[in-house]
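# Close look at the chain arrangement
Residue-level listing of the chains:
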Amino acid sequence: MNAFKRIIPLFSYLFHPLFIPVLGTLYFFLLSEPYKSYTSFQVCLVLFQVSIITVCIPIAFFYLLRSLGKIDTIMVSELTQRKLPLLMQIILLSVLIQKGTSQDRIPELYFYFLGGIISAFLALLFLFLKIKASLHLLGMGSLLFFVIGLSIHNQINALNSIAAITCITGLVATSRLEMKAHNNKELTIGLLIGFLPQLLLWRLWL
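Quick caveat: nothing in here was measured; it's all calculated off a predicted structure.

## Brief notes about the overall build of the protein chain
A tally of regular secondary structure across the protein chain gives nine helices and zero strands. Put simply, the protein chain runs from its N terminus to its C terminus through helices and strands in the order α-α-α-α-α-α-α-α-α. For the protein chain, the spread of C-alpha atoms along the principal axes amounts to about 45 × 40 × 30 Å. Within the span of the protein chain, comprising 206 residues, buried residues form 50% of the whole. Within the protein chain, contacts between residues separated by at least 24 positions form 76% of all contacts whose residues are at least 6 apart in sequence. Total accessible area computed for the protein chain in this model is approximately 10600 Å², and 68% of it derives from carbon and sulfur atoms. Across the protein chain, the centroid of the 15 positively charged side chains sits 7 Å from that of the 7 negatively charged ones.

What follows is the structure, encoded as C-alpha cells:
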C-alpha cells in the first residue's frame, strides 16, 4: 500500500495536461490510415510544431510566471493562478490550428485542438465561478474521445488503446485525489468538459 502511494503521484506528472496534445497527435499518426500518405519529414514536422507550441512555449511561460511570483508549482493548484495559463493555452492552440494543423490540411487534428480550445475556455469560465475543474482529467477525457473518434472514423480496432487510456485516466484521477489536488466533483467536471467538446465535434469530421 505504501509503495502504491509513492508511485501513484507519478501519473500526475507523466500525464500532465501539457503532454496530452502531443499524445493525441501521436495517436493520430498511429491509428489513422491517412498517415501512410505522409512522409517521415511531414510527420516529424507536425510533431515538432505541436511540441513547440503546446509544451516548450508553455513551460517557458511557466518559468516566467514563476519568476514573477504568479505561479508556485507546475501543477498550478490555486484558482487565481490558473487564469493566465488557461488563457495562454487558448491562444497557443488557436495559433496551432491556424498555422499548423489547419482544417484543410489535417481536419482530424484541427477538430481535436478546436475541442481543446473549447475545453480550456470552459475551464476558464468555471474559474470565475470559483470551481477548479481538473485539467488532468480534462486532458485525458479529450484524448480518450479523440482516440474513440479515430477508431470510428478509420474503422480501426483501437480497443487496446481505448482500454489503456481509460485505465490511465482512472490512475490519473486516483493520483489527483491522493495528492489532495481535487475532489470528486472537480475531477468529474474536468472529465466532462474534456470529452464533451470532442464528442460534439465528431459530427464535423467523422
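So, next bit.
## What about the environment of Pro9?
Tracing the sequence through the fold places Pro9 in the loop between α1 (2-7) and α2 (10-14). For the pair formed by Pro9 and Ser161, sequence separation is 152 residues and the distance between their alpha carbons is 22 Å. With residues up to four places along the chain from it excluded, the contact list for Pro9 reads Ser175 and Met179.

## Regarding helix α4 (residues 40-67)
The first and last C-alpha atoms of α4 sit 39 Å apart over 28 residues, in line with the 40 Å expected at 1.5 Å per residue. Of all the bends in α4, the greatest measures close to 40° and is centred on Ile52. Taken residue by residue, α4 has Val43, Val46, Leu47, Val50, Ile53, Thr54, Val55, Pro58, Phe61, Phe62 and Leu65 as its buried positions. Structurally, α4 contributes buried residues whose contacts are with α3 (20-31), α5 (83-99) and α6 (107-128). Positive phi shows up at Gly69, right after α4, with a value of about 75°.

## Focus on the packing of aromatic side chains
Here the structure, examined in full by the defined rule, presents nine aromatic pairs. The interplanar angle of 45° and the centroid separation of 5.9 Å between the aromatic rings of Phe146 and Trp205 together place this pair among those described as tilted. Taken together, the residues span a long stretch of sequence, with Phe146 in helix α7 (residues 135-153) and Trp205 in helix α9 (residues 184-205) at a distance of 59 residues.

## Observations concerning α5
For an α-helix the count is 3.6 residues per turn, leaving residues at separations of three or four pointing the same way. Here α5 contains 17 residues, and its C-alpha end-to-end distance of 24 Å stays within 8% of the 24 Å for a straight helix at 1.5 Å per residue. If you check which residues of α5 are buried, you get Leu86, Met88, Ile90, Leu92, Leu93, Leu96 and Ile97. Where the residues of α5 are buried, they touch α4, α6 and α7.

## Concerning the packing of α4 against α5
Contact geometry of α4 with α5 gives a least axis separation of 10 Å together with a crossing angle of 155°. In terms of orientation, α4 and α5 fall into the roughly antiparallel class. At the point where α4 passes α5, the crossing takes the right-handed sense. Touching Gln49, Val50, Ile53, Thr54, Ile57, Pro58, Phe61 and Leu65 of α4 are Leu84, Pro85, Met88, Leu92, Leu93 and Leu96, all from α5. Of the residues assigned to the contact of α4 with α5, the class counts are 12 nonpolar, two polar and no charged.

## Brief notes about the side chain of His182
Residue position: His182 is located in the loop between α8 (159-178) and α9. At a separation of 3.4 Å, a polar atom in the side chain of His182 contacts the main-chain carbonyl oxygen of Lys132. At 3.1 Å, the side chain of His182 forms a polar contact with the side chain of Glu186.

## With respect to a nonpolar patch on the surface
On the surface, a cluster of nonpolar side chains totalling about 470 Å² of accessible area is made up of Phe41, Leu45, Phe48, Ile52 and Ile57. Structurally, Leu45 can be placed in helix α4.

## Here's the deal with the packing of α3 against α4
At a minimum axis separation of 9 Å, α3 and α4 run at an interaxial angle of 165°. Judged on the interaxial angle alone, α4 and α3 are roughly antiparallel. When the axes of α3 and α4 are compared, the crossing they make is right-handed. Residues Pro21, Val22, Thr25, Leu26 and Phe29 of α3 form the contact with α4, whose participating residues are Val43, Val46, Leu47, Val50, Ser51, Thr54 and Val55. Broken down by class, the residue content of the contact of α3 with α4 amounts to nine nonpolar, three polar and no charged.

Thresholds, definitions, all that
- Residues numbered from 1 in each chain as written.
- Predicted model: local features only at pLDDT ≥ 70, side-chain atom pairs only at ≥ 80, totals over all residues.
- Heavy atoms only, no water.
- Helix = DSSP H or I, 4+ residues; strand = E, 2+ residues; numbered from the N terminus.
- Buried < 20%, exposed > 50% of the residue type's maximum accessible area, 1.4 Å probe, protein only.
- Contact = heavy atoms within 4.5 Å.
- Areas by Shrake-Rupley, 256 points an atom, 1.4 Å probe, with all protein chains shown as cover.
- Lys, Arg positive; Asp, Glu negative; His and termini not counted.
- Charge placed at Lys NZ, Arg CZ, Asp CG, Glu CD.
- Expected span 1.5 Å × (residues − 1).
- Bend = angle between axes of the 7 residues up to and from the residue.
- Phe/Tyr/Trp six-rings, centres within 6.5 Å; stacked < 30°, edge-to-face > 60°.
- Axes fitted to C-alpha atoms, helices over the stretch in contact; angles between N-to-C directions.
- Parallel < 35°, antiparallel > 145°, perpendicular 65-115°, else oblique.
- Left-handed = near helix turned anticlockwise from the far one by under 90°.
- Nonpolar A, V, L, I, M, F, W, Y, C, P; charged D, E, K, R; others polar.
- Polar contact = N/O pair within 3.5 Å; in protein donor to acceptor, adjacent residues only side chain to side chain.
- Patch = residues over 30% accessible without salt bridge, like charges linked within 9 Å, V, L, I, M, F, W, Y side chains within 5 Å.
- Salt bridge = Lys/Arg side-chain N within 4 Å of Asp/Glu carboxyl O.

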